[in-house]
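Letter by letter, the chains look like this.
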Amino acid sequence: MIHLLDCSKLWLPQSCSPSLTAGLVQAAPHARGSEEKMGKLCVALGILVLCAAGGWGGNICTTRGVNSCKQCLAVSPLCAWCSAEVLAQSSPRCDLRANLLKNGCGQDYIEFPTSTVTILEDRPLSHKGSGSSTTTQMRPQKIQLNLRPDDSQIFRVQVRQVEDYPVDIYYLMDLSNSMKDDLRNIQNLGTKLASEMRKLTSNLRIGFGAFVDKPISPYMYISPPQAITNPCYEIGETCLPMFGYKHVLSLTDEVTRFNEEVRKQSVSRNRDAPEGGFDAIIQATVCDEKIGWRNDASHLLVFTTDAKTHIALDGRLAGIVQPNDAQCHIDQDNFYSASTTLNYSELIPGTTVGTLSRDSSNVLQLIVDSYGKIRSKVELEVRDLPEELSLAFNATCLNDEVIPGLKSCMGLKIGDTVSFSIEAKVRGCPREWQKSFTIKPVGFKDSLTVMVNFDCDCSCESQAEANSSSCSRGNGTLECGVCRCNPGRLGLHCECSEEEYNPSQQDNCSPRPGQPLCSQRGECTCGQCVCHSSDFGKVTGKYCECDDFSCVRFKGQMCSGHGQCNCGDCVCDSDWTGDYCNCTTRTDTCMSTNGLVCSGHGSCICGKCDCTQPGSYGDTCEKCPTCPDACTIKKECVECKKFERGVLVEQQSCSRMCRDEIETVQELGDRGKDAVNCTYKDEDDCVVRFQYYEDSSGKSILYVIEEPDCPKGPDILVVLLSVTGAILLIGLTALLIWKLLITIHDRREFARFEEEKARAKWDTGHNPLYKEATSTFTNITYRGNM
């Protein structure tokens, strides 16, 4: 087996006033294509919501009973705080910004921080890798987000696979005894690999390393004693003592040195079937200086083995319990020095797998094909994301089609540019007000650094006046227009002492007469509710009506662990929805290997595929024995992309369902076992021939014969002559048949007459009427003899 590893909102405006237009224009640049349409829809919804809220006189800002600027900003990104000391009677300080202005709060006294995105570094994307001092495959490179509590911002990144990008290949080989034949067959691999890879890059370096397993029992032979130095002793052969991993050749552009070093290698022998390959992978990945990985190059690690590999915790069989620290431990002799002290490690992302032939003779083609597959995919990974942040991805891959919830693109060619829109949303207010994280494509050196500033405080807090005369002669601190009372004092202006009691003040502790004071979750002191503390969470609100622990639970977790409880309602994270926040809106978990959601056989519901095609099953509905074959499926793609007709054109889903490339040819060539020849009849009864082919990068290509084979129209003259001839022929045939039948009939009648005649018998009696034919006459004048 060979492994090739790649190491390397709904946005609501502020008000329904004319100032709304500026806010909308500011948000618009983030939208493109279908996102822009969605943005317009969201804006329209936002206008309706806010206008309705203004008409009713109530909104989320005024119903939470907050009494400080910081609490107000944490209620909703729509809320603003008025820090003016004098405010119209019964007007709330925490309200929509437009309402505060309407109630007479001056612009200078309104605390309303806005979330922003600032690009700090944005170098343009490069077109070619080799020959340039700096190669850029991702932009921007650094941005800064300013986020207020529970708000979000959208930013975009672009990624391009540049042409002729330098490549570093490190060949990591299993040198257990069963790989003896394979070792012989790669002795000239360096020259052949360089020749093939030069077609893809002009800057190639190659290195070599080997591994067996941990040199400790029970993984190695320890009996008889000779087996320690010669593990092949029992089978009558000589081989090297067992080792975990050794680095043989640093990355070099001298391919002949690779061949020389491979010829020097000999196999070893371990006791159990699995090998220690993951240890070798980690060391070859993290030991940058030893291996010689370049910063401006694709890092490819070719891992070859014929057996399974030990995984984390397998080392406990040998008493090794210390976890792998993923640090470099190659000693001066280039051996892995911590092989017997650190446990096995896990595999890293960015891997493609191919099957070696029995003697590894196909290793070259596997490497080239696997490299093509890695280069045909761009996938984003996030590192060091603060737990208070959540990210939602939308991918724009081919044909400018936006795919929600996806952070990868497949089927790309060298030079293609893809983009991703990323929404970052903060939950609550973190303790640390400045953090950072990184977004990078898997296998790329390029990355985007995101600096995040959490705007949780109000600027008016810095102007707080301690022991202010406005707070009942110095019984509190005037902060952001309200008094923050000293211990033992209560009231809007700290005018009340906890020791004083007036029953009439209790009327201020319930929303309506007859209802419990402070919702039975607090004490009414000086006309104000002092909420009880709770082991479950925080009780807040003017009447202690809110808390952060009374929301619905799913599988034991409040809001399914994907949202926050806000006064009894679950406020879901940006990529989750539902009453329980238990339904994800992401679709990347439903994406199949052919780039379609649920393989085109179902729909993605809450992050899982619901297979609607009869007979389909599997995690991504990829298995479907009774589904149409490749020819039937791709027929619709040929119809829509080549001839611009068919069901997919009517449904306007051609670009989404068919990501194949169309190439017009005169004849269908022989492209091996990966090609399927197909034939079908179109609506005009023409025969269309095409070939479905998937190349080494996983890209699908449809080769279509330029002109369909259509039946020719009939020749009118030939038809007329044929019809006339047929009529004459039928007439003559009918006459001949009639004549034949008459002749046969006459002959039968004559024969029957002759037969009856022969059988007839006649009577010979006297007929009285019969007279003889002779008559005698007497001559009266005759007298005899004279």
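Use the structure listed above.
Since this is a predicted model, take the numbers as computed values, not measurements.

Caption draft 1: Quick look at the packing of helix α6 (residues 189-197) against helix α11 (residues 363-375). Put simply, α6 and α11 touch, their axes get as near as 10 Å, and they point 35° apart. Both α6 and α11 take part in a crossing whose hand is right-handed. Across the interface between the two elements, L189, K192, L193, E196 and M197 from α6 touch V363, L364, I367, V368 and Y371 from α11. Per-class residue counts for the contact of α6 with α11 are eight nonpolar, no polar and two charged.

Caption draft 2: Looking closely at the sheet that holds strand β2 (residues 79-82). One open sheet holds the three strands; their spatial order is β3-β2-β4, and the pairing between them is antiparallel. Bordering the open sheet on either side are β3 (94-96) and β4 (110-111), each of which pairs with just one other strand. Judged from the three bridges that link them, β2 and β3 form a sheet pairing that is antiparallel. Across the sheet, A80 pairs through a bridge with D95, a residue of β3.

Caption draft 3: Focus on the nonpolar core. Counting 37 residues, the largest nonpolar core has Y171 and F208 as the members making the most contacts within it. Taken together, the elements giving at least two residues each to this core come down to β9 (167-174), α6, β10 (204-211), α8 (255-264), β12 (298-304) and α11. Sequence-distant contacts of F208, defined by excluding residues within four places in its chain, comprise Y170, Y171, M173, I186, H247, V248, L249, F258, V262 and Q265.

Caption draft 4: Layout of a nonpolar patch on the surface. A cluster of nonpolar side chains, contributed by V552, F554 and Y580, occupies part of the molecular surface with about 230 Å² of accessible area. Residue position: V552 is located in the loop between β28 (546-547) and β29 (553-554).

Caption draft 5: Up close: the side chain of N230. Examined against the element boundaries, N230 turns out to sit in the loop between α7 (226-229) and β11 (245-252). Engagement of the side chain of N230 in a polar contact is seen with the backbone oxygen of E237, the distance being 3.0 Å. Leaving out residues up to four positions away in the same chain, N230 has contacts with E237, T238 and C239.

Caption draft 6: Structural detail: α11. For α11, built from 13 residues, the straight-helix expectation of 18 Å at 1.5 Å per residue is met to within 8% by its first-to-last C-alpha distance of 18 Å. For α11, the tally of buried residues reaches 10 of 13 residues, placing the bulk of the element in the interior. Here α11 has its buried residues at V363, L364, L366, I367, V368, S370, Y371, G372, I374 and R375.

Caption draft 7: How the structure looks around the sheet that holds strand β14 (residues 378-383). Here six strands make up an open sheet; going across it, the order is β5-β7-β20-β19-β14-β17 and the pairing mixed. Since the sheet does not close on itself, it has two edges, and those belong to β5 (116-121) and β17 (408-409), each with one partner. With two bridges joining them, β14 and β17 adopt antiparallel strand pairing. Paired with E379 across the strands is S408, a residue of β17.

Caption draft 8: Representation of the state of the cysteines within the structure. Within the structure shown, the criterion is met by 25 disulfides. Here C397 pairs with C409 through a disulfide, and the sulfurs are 1.9 Å apart. For the disulfide bridge between C397 and C409, the dihedral angle about the S-S bond is near -80°, and by the sign convention the bridge is left-handed. Of this pair, C397 sits in the loop between β15 (389-396) and β16 (402-404) while C409 is found in strand β17, placing the two residues 12 residues apart along the sequence.

Caption draft 9: Inspection of the pairing of strand β38 (residues 675-681) at higher detail. Examined bridge by bridge, β38 and strand β39 (residues 687-694) share seven bridges and lie antiparallel to one another. Looking across to β39, one finds that C678 is bridged to F690. Where β38 folds back on β39, the antiparallel hairpin that results is connected by five residues, among which D685 adopts a positive phi of roughly 65°.

Caption draft 10: Region of interest: the side chain of D446. You can see D446 is positioned in the loop between β19 (434-441) and β20 (448-454). Classification of D446 as buried rests on a relative accessible area of 5%. Polar contacts involving the side chain of D446 include one to the main-chain amide nitrogen of Q137, which spans 3.1 Å. Ignoring any residue separated from it by four or fewer positions in sequence, one finds D446 in contact with T135, T136, Q137, M138, K440 and P441.

Caption draft 11: Layout of the packing of aromatic side chains. In total, this model carries 10 aromatic pairs according to the counting rule given. Aromatic side chains Y219 and Y344 sit 5.9 Å apart centroid to centroid with 80° between the ring planes, which places their arrangement in the edge-to-face category. A residue pair is termed long-range when its members are at least 10 positions apart, and Y219 in the loop between β10 and α7 and Y344 in the loop between β12 and β13 (351-354) qualify at 125 residues. Overall, the relative accessible area of 1% leaves Y219 in the buried class. Relative accessible area serves as the criterion here: at 2%, Y344 is assigned to the buried category. Ring geometry for F554 against Y580: centres 6.2 Å apart, planes inclined by 55°, an arrangement best described as tilted. Of this pair, F554 sits in strand β29 while Y580 is found in the loop between β33 (576-577) and β34 (583-584), placing the two residues 26 residues apart along the sequence. Assessed through its relative accessible area of 36%, Y580 is described here as partly exposed.

Parameters and conventions
All chains use their own residue numbering, which begins from 1 and follows the written sequence. Whole-chain, interface and lining totals are the exception, using all residues; otherwise, since this is a predicted model, local features are given only for residues with pLDDT of at least 70 and side-chain atom pairs are given and counted only at 80 or more. To obtain the side-chain values, all non-hydrogen atoms of the structure were included, while hydrogens and water were left out. Angles shown run from 0 to 180 degrees and are taken between the N-to-C directions of axes, each axis being a line fitted to C-alpha atoms and, for helices, limited to the stretch in contact. Elements are defined by DSSP. Helices are runs of H or I of four residues or more, strands are runs of E of two residues or more, and each kind is numbered from the N terminus. Handedness of each helix crossing follows the sense of rotation of the near helix against the far helix: counterclockwise by less than a right angle gives left-handed, clockwise gives right-handed. Between two residues, a contact is recorded if the distance between any of their heavy atoms is within 4.5 Å. The residue classification treats Ala, Val, Leu, Ile, Met, Phe, Trp, Tyr, Cys and Pro as nonpolar and Asp, Glu, Lys and Arg as charged. All others, Gly included, are polar. Should DSSP find at least two bridges between two strands, the strands are taken to pair. Buried Ala, Val, Leu, Ile, Met, Phe, Trp, Tyr and Cys residues that are joined via side-chain atoms within 4.5 Å together make up what is termed a nonpolar core. Relative accessibility decides the category of a residue: with a 1.4 Å probe and only protein chains considered, values under 20% of the type maximum give buried, values over 50% give exposed, and everything between is partly exposed. Patch building starts from residues that exceed 30% relative accessible area and form no salt bridge, then joins like charges within 9 Å and nonpolar side chains (Val, Leu, Ile, Met, Phe, Trp, Tyr) within 5 Å. For every accessible area listed, the method is Shrake-Rupley and the probe measures 1.4 Å; residues are considered covered only by the protein chains on display. Just to be clear on terms, a salt bridge is a Lys or Arg side-chain nitrogen sitting within 4 Å of an Asp or Glu carboxyl oxygen. Each polar contact in these results corresponds to two N or O atoms within 3.5 Å; when the atoms are within protein, one needs to be able to donate a hydrogen and the other to accept it, and residues that are neighboring in sequence are counted only if both atoms are side-chain atoms. Expected span, for any helix, means 1.5 Å times one less than how many residues it has. Any pair of cysteine sulfurs within 2.5 Å is marked as a disulfide. Here a pair means two rings of Phe, Tyr or Trp (six-membered ring of Trp) with centres within 6.5 Å. Their orientation is stacked below 30 degrees between planes, edge-to-face above 60, and tilted elsewhere.

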